[in-house]
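Letter by letter, the chains look like this.
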Amino acid sequence: MLIKTKADLTEADVTPEHIYRDRRRFMQQGAILGASTMAALTAPLALPRRAHAQSPDLVQSPFSTDEDKTSYEDITTYNNFYEFGTGKDDPARHAHRLKTSPWTLSVSGECDKPGTLDIEDAVKPHTLEERIYRLRCVEGWSMVIPWVGFPLGDFLKRFEPRSSAKYVEFETLHDPKQMPGQRRPILEWPYVEGLRMDEAMHPLTILAVGLYGKKMPNQNGAPIRLVVPWKYGFKSIKSIVNIRFVEKQPTSSWMKAIPDEYGFYSNVNPDVAHPRWSQARERRIGEFRKRKTLMFNGYADQVASLYAGMDLKKNF
Ligand SMILES: Nc1nc2c(c(=O)[nH]1)N[C@H]1C(S)=C(S)[C@@H](COP(=O)(O)O)O[C@H]1N2
Ligand SMILES: [Mo]
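Definitions and limits used
Residues numbered from 1 in each chain as written. Chains lettered and ligands numbered in written order. Predicted model: local features only at pLDDT ≥ 70, side-chain atom pairs only at ≥ 80, totals over all residues. Heavy atoms only, no water. Near = heavy atom within 4 Å. Areas by Shrake-Rupley, 256 points an atom, 1.4 Å probe, with all protein chains shown as cover. 1 Å grid on protein atoms, 1.4 Å probe; cavity = no way out; pocket = protein on both sides within 12 Å on 5 of 7 lines; lining within 4 Å. Sits in = over half its atoms within 2 Å of the grid points. Nonpolar A, V, L, I, M, F, W, Y, C, P; charged D, E, K, R; others polar. UniProt positions renumbered as here; feature names shortened; annotations may be inferred. Helix = DSSP H or I, 4+ residues; strand = E, 2+ residues; numbered from the N terminus. Contact = heavy atoms within 4.5 Å. Polar contact = N/O pair within 3.5 Å; in protein donor to acceptor, adjacent residues only side chain to side chain. Buried < 20%, exposed > 50% of the residue type's maximum accessible area, 1.4 Å probe, protein only. Pairing = 2+ DSSP bridges. Axes fitted to C-alpha atoms, helices over the stretch in contact; angles between N-to-C directions. Patch = residues over 30% accessible without salt bridge, like charges linked within 9 Å, V, L, I, M, F, W, Y side chains within 5 Å. Salt bridge = Lys/Arg side-chain N within 4 Å of Asp/Glu carboxyl O. Lys, Arg positive; Asp, Glu negative; His and termini not counted. Charge placed at Lys NZ, Arg CZ, Asp CG, Glu CD.

## Structural notes on the site of ligand 1
Around ligand 1, the surrounding shell holds 15 residues, and the nearest of these are Asn 79, Tyr 82, Glu 83, Arg 225 and Lys 238. Taking 530 Å² as the accessible area of ligand 1 by itself, protein coverage stands at 99%. In a pocket analysis with a 2 Å cut-off to the grid points, ligand 1 is assigned to the largest pocket. For the shell around ligand 1, a count of residues per class yields six nonpolar, six polar and three charged.

This is how it looks when you write it as structure tokens:
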């Protein structure tokens, strides 16, 4: 009898037929990481063995910073997610209440192919990349986070936006049963954010479904969140359920709550102070001495042209 050694086995031999077929279909659609897409979405959270190890099965993005990454522990225990409370440790304590599967994402408004997708179908066609980005919170701290995600622009194109689509509006889930912070009027719920169309289509802008090579922890915005690295962290809306192409500039929850302090653009700009504190410096979580904050959070070469001719003190 011929016994196949491990080296002789093909993928088909070791994988149940239907999974093998599905996986092949993914790969033919161009998602090299089809299998790991599903793994990233369904794998239980496990701590990476080495905090600084890169994920070998993910495409490494040329847009990644080579600065030291913030620890997994800090990234997942020091959060802003007001739906779970305003304390930094509230999201890590309470976000386990959020049920992220099943999850549907609906895309509507000024487009020819609106649709409502299961999260798996939303992610499946895309190649997942590791993008190590700086995140600068308007409160004066920053982190370096190895996101797992794909360009928002590639996703949006699937819905064929019309020329009347000038902005994109995003909404977080609204469910006070799962999100105890929504039982109090801290912000107007659901949390709303927006981008101009060119900001949304910019190659640096991603939808993230994980970090440190793992499925997104709930407190960081599972199952899918926005990441816009040159803007203050609050633009990067978590746990998204609705995306709308619109003609008029959306009003974000922060603009509604405190219009003098939070504008639509929210670009990281060390020369524009927040009315109550300077934005010139920041504390990188894990470091003691403060750093100088960089224009556009260090992404000026890639994004400054989007704002050519605009007064960034008026358009804060
Ligand atoms: N839905 C929602 N998204 C949100 C927030 C929030 O309160 N609710 N906080 C924002 C702010 S202020 C920041 S700094 C980042 C923090 O992301 P992190 O906790 O993953 O570091 O999430 C942003 N996205
Ligand atoms: Mo923030």
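## Observations concerning the UniProt feature "binding site: Mo-molybdopterin" (unreviewed entry) in the chain
UniProt records the feature "binding site: Mo-molybdopterin" (unreviewed entry) at Asn 79, Tyr 82, Glu 83, Cys 137, Thr 172, Asn 220, Arg 225, Ser 236, Ile 237 and Lys 238, using the numbering of this structure. When only the residues just named are considered, the largest cavity is lined by Ser 236. You can see Asn 79 is positioned in the loop between helix 4 (72–77) and helix 5 (90–94). For Asn 79, the residues in contact, after removing those within four places along its chain, are Gly 87, Lys 88, Pro 91, Gln 219, Asn 220 and Lys 238. A polar contact is formed between the side chain of Asn 79 and the backbone oxygen of Ile 75, at a distance of 3.0 Å. With respect to the element layout, Asn 220 can be found in the loop between strand 9 (214–215) and strand 10 (225–227). Look at Asn 220 and you get buried, because its relative accessible area is 2%. Once residues lying within four places of it in the same chain are set aside, the contact partners of Asn 220 are Ile 75, Thr 76, Asn 79, Leu 211, Arg 225 and Lys 238.

## Remarks on the sheet that holds strand 2 (residues 104–109)
As summarised here, the arrangement of the five strands in space is 3-2-11-6-7, forming an open sheet in which the pairing is mixed. Every other strand in the sheet has two partners, leaving strand 3 (115–118) and strand 7 (192–196) as the edge strands with one partner each. Across the sheet, the mean angle from the axis of one strand to that of its neighbour is 15 degrees, orientation sign disregarded. Relative to strand 7, strand 6 (residues 167–172) is paired through five bridges, and the arrangement is antiparallel. By the bridge assignment, Glu 171 is partnered in strand 7 with Val 192.

## Quick notes on a positive patch on the surface
A contiguous patch of positive charge on the surface is contributed by Arg 281, Arg 283, Arg 289, Lys 290 and Lys 292. Considering the arrangement of structural elements, one finds Arg 289 in the loop between strand 12 (281–284) and strand 13 (291–292).

## Quick word on the pairing of strand 11 (residues 240–246)
In terms of burial, strand 11 is largely enclosed, as five of its seven residues are buried. In terms of strand pairing, strand 2 meets strand 11 through four bridges, oriented parallel. Bridged to Ser 106 within strand 11 is Asn 242. Pairing of strand 6 with strand 11 involves six bridges; the strand directions are antiparallel.

## Re the pattern of salt bridges
As enumerated under the stated definition, the model contains 21 salt bridges in all. Between Arg 134 and Glu 67 there is a salt bridge; the shortest N-O distance is 2.5 Å. Here the residue Arg 134 occupies a position in strand 4 (residues 129–136), and Glu 67 occupies one in the loop between strand 1 (59–60) and helix 4, the gap between them amounting to 67 residues. Residue Arg 134 is classed as buried on the basis of its relative accessible area, which comes to 13%.

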